[in-house]
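Chain by chain, the residues run as shown.
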Amino acid sequence: MNDSVASCRRRTDEVDALVRRLAAPVVHGPVVVLAVGGYGRRELCPASDIDLVVVHDQLGDDELERIVREVVYPLWDERLTVGYAVRDRWDALESMRDLDSATAMLDMRVVAGDVSLAQRVRTDAVRRLRRRPQIFLGRLQTADAARHAKSGDAAEVLEPDLKNGAGGLRDVQSLRWAAAAIVGTVGLDPLVAAGYLGAPDRTRLARAEQLLLGVRVALHAETAAHPTDVLRLDVHDAVAGRLGYHDTDDALAPHHLLNDVYLATRTIDHAHRRAWTLIAADLARGERRRARAGDQQFDGFELVDGVLRLGDVAIDNPDLPSRLFAALVSTGAILDRSTAGVLRRQAEHQPLGWEWTLASRSRFLATLWRGDVARAAMAELDDAGIWTAMLPQWTAVRGRAQRNPYHRYALDRHAWYAATRLGELVRRQPWATDALAAVSDRHAVMLGVLFHDVGKAFGEPHEETGVPVAEAMARHMGAGDATVAQVGRLVRLHLALPHAARTRDVADPALAKELATLIGDHETLAGLHLLAVADGQATGPTAFNDWIGSLLRSLTRRVAAVLDAQSPDEVVDGAVATARAAQALAADLGADPEDVRAHLGLLPARYAAAVTPRAVVRHTLMVAAPLASSDVRTRVTPSDTDPDGIAGLDELDVVAWDNPGLFAKVAGVISLHHGTVVAADAFTRDDGLAVDTFRVRTPDGAGGSWWARVEGDLADAVSGRLAVRARVGRIARAEQRRVDRLPDVATDVHVEPDAGGRATVVEVRTQDRSGVLFAIASAFAELEVDLVIARIETVGHEAVDVFTCRNSDGAPLDDVHIGEIDLAVRAALGDLEAQ
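Here is the key point about a regular strand: its side chains alternate between the two faces of the sheet. Where burial is concerned, most of strand 10 (residues 650-657) is hidden: seven out of the eight residues are buried. For strand 10 and strand 12 (residues 689-697), the ladder comprises eight bridges, and the chain directions are antiparallel. Note that in strand 12 the partner of Trp657 across the bridge is Leu689.

Now the structure itself:
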């Protein structure tokens, strides 16, 4: 890492030497060539711009043009990225009104010319900032907040922005610039003397900054053709290799790289937030906050201007961690820097006998139940070393990367998000409140959510490896045997419901019976439902959305019915209940109840279990009039007008005479218009009519006219007047350059029987790109395989599509058919790549 940082210095020295050589013949008198920005800080990474400012005192235009021509133009000839400005002394000072210009000038360094002129400009610039510091500091703080909102938190995301994310290099620079307005000197050391940073903070910041700078150098070198400050997934391995990381028994090289990046950015983020809290308080008060006595007391802690100190609480108090956690959440404060330093030293070097008691465990978990407001306080405990001191097993999880497109957060942050989302769910969602009412041991549920993924630090399958670790942590916290056992049960089964919802037919009674046997009781079912949603929401939008949530609720209701010795078809959205509701609703929607009954009688029982009562009536009306052989009828129900709709997903109903290529044509036409099929249910009536329902996510800004174009093209496709395959191929070729920049995803085709043994489940994982669903469905059509259900997901750059299929006789696929499916799907996807 030090070699990477040294390379910045070497590159800076090389550019300095070149600029001095070019400037020597032409830079004379009251003029100076300044390096500013990253070049001024001597932090020239491989893709960094070389920013120059020529400052003069009453030089003529001809002379200035000559300086630019002789100094800047040759740098461009060397293919260097150079930005420059020419200002007289007073213009240089006026430019300080602009934040970007002001911060660039604060980093100025003389490369050639009149040093005394540069000193006068620097002195005048700092004097101007010091005269009204609140203006500059306010702009700087606002810019930081905007940057964080745009670039995210570098301390937890899969692809961190090393420069602009919260905890990135720009946060360190922001503190340096703030020092100029506060104490008149750019740098971090002045902030230590002024009380905004502690000496330990300064040391930790230096290490963290050096690490991130080294990673940025390696990243620029690896992405030289298209340089970026975002540590993208596709370059993790290469950057880790450049920096000398190696695979170990417990993690791959890029995992070690990301772990170091996460911990470094957390250090920077905490120091930045803590210092700015003090700075903002001082600006608001107009006096030194650190000299004031405590304004408030909270459970013995001292609260001053949003900063919490130990106050009257003894550092060796056994209950200090849980009391401190509750106080941080209740006040919304951050830890005082000196308090954090004391706690960190004690946690690392001299454990103080902090212990888990029933009271401390109850207080800690009750605070987590308060929801999202507890997340920042968890980060404070983590930064101070308290959390790992109280729970040593957590060390293996801390900052551990999840190089999985599903997951946006590091492993420990994901756990905190899941636990706090659980608190939000039971406060805001009626179904979650009802689920919690079925739980007698709430401690077990919260601990199960907090510990559900700890196995990922100990090998796969993590739902198995995590059980003994989670049980050990619960026991370490003083939980009783029953709670420990329930935590282990929740960890072991935490994937059961979401996996079934994504890949199986939730309307199949056999699946409900299988899960009821596995789960065993209502309390565990309720806990798993809560865990699944909290986990999904804490994972990211590709792992959870309203559609997945609706499938989970439906599946949970069916499993609960089996546990109550009832039929899954009798629950709210079960087949029997849906059929009754559809007939009762028919007249209100303009249909005859007898026609609804006749329509239901021509379809398998699963149809009523898979669609809503309104959909049954819609379909009845759509099939009322005879269809010609090439006809297709479509109806779109926007999510915002459908009482049964799922937010963000429109519903497309398609009625036509059944043929194996119908599904593929629908998928292809939607792909042509850049829509996304999320789910589909396909049914064939006894009279041969296909009744298919597609859940579709439309492109941003799409409306009725978009759907009109889709429906028109679909009519042409079904009647053979639209070359769907050729058009999909054209789009695939157009986006091939984007696909080539993504990490490779090997195509995998996995086949297994469904729960009831009446169909075959085919899961296809492959590189996400336009036309994937069309290609797979076309392969099925070629082999005359009937698609019954489709569940379509995009996980980062990976497509994960799951299909429930039968052969043309309505039976599961045999081994020969399965082998041909594998061959056909791989060939179809290969053709898509070769387009």
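Let us now look at the state of the cysteines. As used in these notes, a disulfide is a covalent bond between sulfur atoms, one from each of two cysteines. Evaluated as defined, the whole model comprises zero disulfides. Note on Cys8: no disulfide assigned, nearest cysteine sulfur contributed by Cys45 at a separation of 4.0 Å.

This paragraph deals with a negative patch on the surface. A contiguous patch of negative charge, built from Asp61, Asp62, Glu63 and Glu65, is present on the exposed surface. Here Glu65 is to be found in helix 3 (residues 61-77).

Attention shifts here to a nonpolar patch on the surface. Among the surface-exposed residues, Tyr73, Trp76, Tyr84 and Val86 lie close enough to one another that they form a single nonpolar patch of about 360 Å² accessible area. For the nonpolar patch, the secondary structure elements donating two or more residues are helix 3 and strand 3 (82-88). Mapped onto the secondary structure, Tyr73 falls in helix 3. According to the relative accessible area criterion, Tyr73 is partly exposed, its value standing at 39%.

Here the focus is the pattern of salt bridges. Where side chains of opposite charge bring their charged atoms close, a pairing between them can arise. Applying the stated criterion across every chain yields a total of 51 salt bridges. Asp505 is paired through a salt bridge with Arg606; the nearest N and O atoms lie 2.5 Å apart. Within this pair, whereas Asp505 is found in the loop between helix 23 (496-503) and helix 24 (509-519), its partner Arg606 is found in helix 29 (residues 605-610), the two being separated by 101 residues in sequence. Overall, the relative accessible area of 11% leaves Asp505 in the buried class. Salt bridges sharing common partners tie together Asp201, Arg204, Asp269, Arg273, Arg274, Arg344, Glu380 and Asp383.

We describe a pair of aromatic rings using the distance from one ring centre to the other and the angle between the two ring planes. Summed over all chains, the structure comprises 13 aromatic pairs. Judged by centre distance (6.3 Å) and plane angle (55°), the rings of Trp394 and Phe451 are tilted. Of the two residues, Trp394 is situated in the loop between helix 17 (386-390) and helix 18 (411-428) and Phe451 in helix 20 (residues 442-451); the sequence distance between them amounts to 57 residues. The pair formed by Trp394 and Phe451 is uniform in burial state, with each residue classed as buried.

Spatially, the four strands line up as an open sheet ordered 5-6-7-8, and their pairing is mixed. In the strand order of this sheet, the two ends are held by strand 5 (296-298) and strand 8 (334-335), each with one partner. Along the sheet, helix 13 (residues 320-331) contacts strand 5, strand 6 (301-304), strand 7 (307-309) and strand 8; its crossing angle with strand 6, the most-contacted strand, is approximately 25°.

This next bit is on empty space enclosed by the protein. Scanning the entire structure with this criterion turns up four cavities of 30 Å³ or more. Lining the largest cavity, in full, are Pro321, Ser322, Phe325, Trp356, Phe364, Leu381, Ile386, Trp387 and Met390. Contributing elements (two or more residues each) for the lining of the largest cavity: helix 13 and helix 17. Residues that form the lining of the largest cavity fall into these classes: eight nonpolar, one polar and no charged.

Within a sheet, neighbouring strands are paired by backbone hydrogen bonds and run either parallel or antiparallel to one another. Judged by pairing direction, the sheet is mixed, and its four strands sit side by side in the order 3-2-1-4 without closing on themselves. Two strands in the sheet have a free side with no partner beyond their single neighbour: strand 3 and strand 4 (109-113). This sheet shows a mean twist of 25° between the axes of neighbouring strands, independent of strand direction. Summarising the sheet, strand 1 (residues 31-36) and strand 4 pair through four bridges and their orientation is antiparallel. Within the sheet, the bridge partner assigned to Ala35 lies in strand 4 and is Arg109.

In this section: the packing of helix 18 against helix 25 (residues 522-539). Between helix 18 and helix 25, the least distance of the axes is 8 Å, while the angle of their chain directions is 125°. On the basis of the axis angle, helix 18 is oblique to helix 25. As helix 18 runs across helix 25, the sense of the crossing is right-handed. On the side of helix 18, the interface is formed by His414, Tyr417, Ala418, Arg421, Leu422, Leu425 and Val426, while helix 25 contributes Leu530, Val533, Ala534, Asp535, Gln537, Ala538 and Thr539.

This part is about unusual backbone geometry. With an omega of 0°, the peptide bond running from Glu460 to Pro461 counts as cis. Within the secondary structure, Pro461 sits in the loop between helix 20 and helix 21 (462-476). In this structure, Gln58 is a non-glycine residue whose phi angle is positive, near 70°. A relative accessible area of 74% means that Gln58 is categorised as exposed. Residue Asp299 is not a glycine yet carries a positive backbone phi of 50°. Assignment of secondary structure puts Asp299 in the loop between strand 5 and strand 6.

Cut-offs used in this document
- Residues numbered from 1 in each chain as written.
- Predicted model: local features only at pLDDT ≥ 70, side-chain atom pairs only at ≥ 80, totals over all residues.
- Heavy atoms only, no water.
- Buried < 20%, exposed > 50% of the residue type's maximum accessible area, 1.4 Å probe, protein only.
- Helix = DSSP H or I, 4+ residues; strand = E, 2+ residues; numbered from the N terminus.
- Pairing = 2+ DSSP bridges.
- Disulfide = S-S within 2.5 Å.
- Patch = residues over 30% accessible without salt bridge, like charges linked within 9 Å, V, L, I, M, F, W, Y side chains within 5 Å.
- Areas by Shrake-Rupley, 256 points an atom, 1.4 Å probe, with all protein chains shown as cover.
- Salt bridge = Lys/Arg side-chain N within 4 Å of Asp/Glu carboxyl O.
- Lys, Arg positive; Asp, Glu negative; His and termini not counted.
- Charge placed at Lys NZ, Arg CZ, Asp CG, Glu CD.
- Phe/Tyr/Trp six-rings, centres within 6.5 Å; stacked < 30°, edge-to-face > 60°.
- Contact = heavy atoms within 4.5 Å.
- Axes fitted to C-alpha atoms, helices over the stretch in contact; angles between N-to-C directions.
- 1 Å grid on protein atoms, 1.4 Å probe; cavity = no way out; pocket = protein on both sides within 12 Å on 5 of 7 lines; lining within 4 Å.
- Points joined across faces, edges and corners; volume = space filled by probe spheres on them.
- Nonpolar A, V, L, I, M, F, W, Y, C, P; charged D, E, K, R; others polar.
- Parallel < 35°, antiparallel > 145°, perpendicular 65-115°, else oblique.
- Left-handed = near helix turned anticlockwise from the far one by under 90°.

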